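One letter stands for each residue in the lines below.
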Amino acid sequence: LGVMPLLVGSETKKQKSYLTSDKTYEAEAVLGLATDTYDAMGLVTSFKPVDLKLANKFQKKLLSYHQTTIKQRYPAYSAFRIGKKSLHWWIKQGRFDEVEDKVPARERQIYQLESMSEPTAISLANYASKVIKQIDLVNRENCFRQDEIIEQWRQLASEQPTTKLFTSKFRAKVSTGTYFRSLVQE
C-alpha cells in the first residue's frame, strides 16, 4: 500500500512536481500467489506454494533489474486513462476487453533495486490475517470488492491454514510511472 503525503497550504502548488518525480518504494513481494491487481488488495487469480529454493531464485531474478530500463504496460487496476476513463473504470464496468489492446507500454528506469530481507516463510493463515487488516483500513464508503476479497482470503486461510508462503522485502528507486507491483508480477 502506498502513502500519499498530505499537501496543505503552499505545498498544494507543488502537487504536480511530486507526482512527476522519481519514486522510492519499499514493498513486500509474496511468492507463489498472484492477484488481479498485482497486490494484496485484489482477488487471488493463482496460488501455488513455492519452496525456499524457488523463493531465492525469484529474489535473484528480481534483483537483476537493478540499474536497467524496462518496458512496462499499465496495470488494469490503475488510473491511466483511455477515452477519458481510467483503466479501473473500464474494469468496474466489465468492459476492459474493449480497451485492453490500447494499453501502452512505456520505458521505465529502475535506478536502484535492493533486497531488504531474505525470503521469509509465513503461514497462509497469518498472511491472510495481515492482508485483511490492511483492507479494513480502506474507506468503505466507495467500496469496491473489499468484502469479496476479504471473504476469499478467509476461505484460502481456512482451507490451507498451515501452507507456507514466502515473502521478501525490497526497496526500489524508479522513474515516475513505474509500477513496482507490475514488476514483481512479471
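The structure displayed is predicted, hence computed values, not measured ones.

Peer 1: So what exactly am I meant to see when it comes to the packing of aromatic side chains here?
Peer 2: Aromatic rings in a pair are described by how distant their centres are and how their planes are angled relative to each other. What the rule picks out here adds up to six aromatic pairs. Here the aromatic rings of Phe58 and Phe170 are separated by 6.5 Å at their centres, their planes lie at 80°, and the arrangement is edge-to-face. You can see Phe58 sitting in helix H2 (residues 52–63) and its partner Phe170 sitting in strand S9 (residues 164–174), a full 112 residues away along the chain. Under the relative-accessibility criterion, Phe170 is labelled buried at 0%. In textbook terms, an aromatic cluster arises when at least three aromatic residues are bridged by ring pairs, as seen for Phe58, Phe170 and Phe180. Over the ring of Trp89 we find Lys85; its NZ or CZ atom is 5.0 Å from the centre of that ring.

Peer 1: Looking at this structure, I do not really get the nonpolar core. What am I missing?
Peer 2: For soluble globular proteins, nonpolar side chains are generally found buried alongside one another. If you look at the biggest cluster of nonpolar residues, it comprises 18 residues, and the most contacted ones within it are Leu33, Tyr127, Val131, Ile135, Trp153 and Leu165. Broken down by secondary-structure element, the contributors of at least two residues to this core are helix H4 (124–136) and helix H5 (146–159). Sort the elements by how many residues they give to this core and H4 lands first, with six residues. The residues touching Val131, leaving out its near neighbours within four places in the chain, are Ala40 and Trp153. Formed by 15 residues, the second largest nonpolar core is a distinct cluster that contains Leu62, Leu113, Ala172 and Leu183.

Peer 1: Help me understand the pattern of salt bridges, please; the structure alone is not making it clear to me.
Peer 2: A side chain with one charge can pair with a side chain of the opposite charge if their charged atoms come near. Taken as a whole and assessed by the stated rule, the structure comprises five salt bridges. In this structure, the salt-bridge partner of Arg171 is Glu114, at a minimum N-O distance of 3.3 Å. Remark: Glu114 occurs in strand S7 (residues 105–115) and Arg171 occurs in strand S9; sequence separation between them is 57 residues. One network of salt bridges, in which partners are shared, links Glu26, Glu114 and Arg171.

Conventions and cut-offs
Residues numbered from 1 in each chain as written. Predicted model: local features only at pLDDT ≥ 70, side-chain atom pairs only at ≥ 80, totals over all residues. Heavy atoms only, no water. Phe/Tyr/Trp six-rings, centres within 6.5 Å; stacked < 30°, edge-to-face > 60°. Helix = DSSP H or I, 4+ residues; strand = E, 2+ residues; numbered from the N terminus. Buried < 20%, exposed > 50% of the residue type's maximum accessible area, 1.4 Å probe, protein only. Lys NZ or Arg CZ within 6 Å of the ring centre and 35° of its normal. Core = buried A, V, L, I, M, F, W, Y, C linked by side-chain atoms within 4.5 Å. Contact = heavy atoms within 4.5 Å. Salt bridge = Lys/Arg side-chain N within 4 Å of Asp/Glu carboxyl O.

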